[in-house]
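Secondary and tertiary structure notes
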Amino acid sequence: MGELDPVLAVVAWSSLAAGAAVLGVVPQALMGRVSLPLMGWGNALASGLMLGVAYSLLYVGLDETVFFGAVGAVVGVVFVRLTHFGIGVQDVDLNRLDDAGSAYGYQVLLVNTMHSAYEGIAIGAAMLVSLPFGISMAVALALHNIPEAMVLTAVLRSRGLRLDHAAALTMGVNLNQVLLAVVTFSVVTALPWLLPWVIGFSVGALIYLVLVELLPESYHQAGPTSIALVTLVAMGIVVALTGGAA
C-alpha cells in the first residue's frame, strides 16, 4: 500500500485532535457539576500542553529562520489581541458558572472557536516540518482539547443546556481546527517561505492565549502552587515526547 496523501494525513490527525474534545463531556456526565478547583486544574493542564506545543514548534520548526519566526510571533500576539478587541471579548472570563449576562454563553463559544483556529494553524505548520512531528503535535493538542472542553461543557451546562447539546457545541467549536490545519498546510506547501512566519504566528498566539486567558483565573480557582505544577508537568511531558519526533 502507498503512503497516505499528505493532505489526507492532515485531515485525519487534525480531526482526531478536534474529535478528542468530546471526551471533555465525561466529567460532567459522571459528576453532574464540575468543581471550581477541577476547572482550574483543567485549564492548567490545557495550558501546559499548549505551552509544550508552542515550545516544540519553536525549537524544532525554526533554525536559521528564527528572526522571521520571532517577528511572526509578535504578529500573532498583536493579531489575537486586536481580534479579541474587535469582537468585544477581550475581558471575558471563560470560567464563570453563575451570574453571567445573557450574551455570556455566545461569547465563550466565540472565544473557544478562535482558540481552535490558532491550534489548527499550529497543526498545519507542524505537519510541514515533518509528518511524525505533526502527528505528535496533533496528539498533544488532542489531549489539550479534553480539559479545555471539560471547562467549556461546565460553562454551557451552567447556562441551562442539556448535556448532549453542550457536547455538540463543544465539538462544533473545534471543527475549524481541521479547516485551518488543511488551509495552512496547503498554502505553505505552495509558498514554503511562509513557514517560519506561520510557525512564529502560531507560537505567539498560543502563548498569548495561555498567559492572558487560560491561566489567570485558574490561580483563583485552585491556588497558584498546584496550577503551576500541573502546567509545568504537562508542558514537560509534551516537550519530552516531541523532542525526537522531527
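Here the structure is shown first, and the text comes after it.
What comes next concerns the included structure. (Residues numbered from 1 in each chain as written. Predicted model: local features only at pLDDT ≥ 70, side-chain atom pairs only at ≥ 80, totals over all residues. Heavy atoms only, no water.)

Regarding the side chain of asparagine 145
Mapping asparagine 145 onto the fold places it in helix H6 (residues 131-158). On the basis of relative accessibility, which here comes to 1%, the residue asparagine 145 falls in the buried class. Here the side chain of asparagine 145 touches alanine 17 through a polar contact of 2.6 Å, landing on its backbone oxygen. For asparagine 145, the contacting residues outside a window of four places in its chain are Ala17, Ala18, Ala21, Glu119, Asn174 and Gln177. (Helix = DSSP H or I, 4+ residues; strand = E, 2+ residues; numbered from the N terminus. Buried < 20%, exposed > 50% of the residue type's maximum accessible area, 1.4 Å probe, protein only. Polar contact = N/O pair within 3.5 Å; in protein donor to acceptor, adjacent residues only side chain to side chain. Contact = heavy atoms within 4.5 Å.)

Brief notes about the packing of helix H9 (residues 195-222) against helix H10 (residues 224-242)
Their axes nearest at 7 Å, the elements H9 and H10 cross at an angle of 130°. Viewed along their axes, H9 and H10 adopt a mutual orientation that is oblique. Contact with H9, carried on its side by Leu215, Ser218, Tyr219 and Ala222, involves Pro224, Ser226, Ile227 and Thr231 of H10 and no other residues of that element. Counted by class, the contact of H9 with H10 contains 5 nonpolar, 3 polar and no charged residues. (Axes fitted to C-alpha atoms, helices over the stretch in contact; angles between N-to-C directions. Parallel < 35°, antiparallel > 145°, perpendicular 65-115°, else oblique. Nonpolar A, V, L, I, M, F, W, Y, C, P; charged D, E, K, R; others polar.)

Concerning the environment of serine 56
Note on placement: serine 56 falls in helix H3 (residues 36-61). Classification of serine 56 as buried rests on a relative accessible area of 3%. As for serine 56 and phenylalanine 133, which are separated by 77 residues in sequence, their C-alpha atoms are 9.2 Å apart. Filtering out sequence-adjacent residues up to four positions away, serine 56 remains in contact with Gly61, Phe133, Met137, Val238, Val239 and Thr242.

Looking at H10
With 19 residues, H10 ought to run about 27 Å at 1.5 Å a step, and its terminal C-alpha atoms sit 27 Å apart, in line with that. Turning to H10, the residues buried within the fold contact H3, H6 and H9. (Expected span 1.5 Å × (residues − 1).)

What to know about the nonpolar core
In this structure, Val53, Leu57, Tyr118, Ile123, Met137, Ile199 and Leu206 are the most contacted members of the largest nonpolar core, which totals 46 residues. Of all elements in the fold, only helix H1 (6-19), H3, helix H5 (104-129), H6, helix H8 (175-190), H9 and H10 reach the threshold of two or more residues within this core. If one sorts the elements of this core by residue count, H9 sits on top with 12 residues. Among the nonpolar cores identified, the runner-up in size contains 13 residues, and Val34, Leu152, Leu156 and Ala166 belong to it. (Core = buried A, V, L, I, M, F, W, Y, C linked by side-chain atoms within 4.5 Å.)

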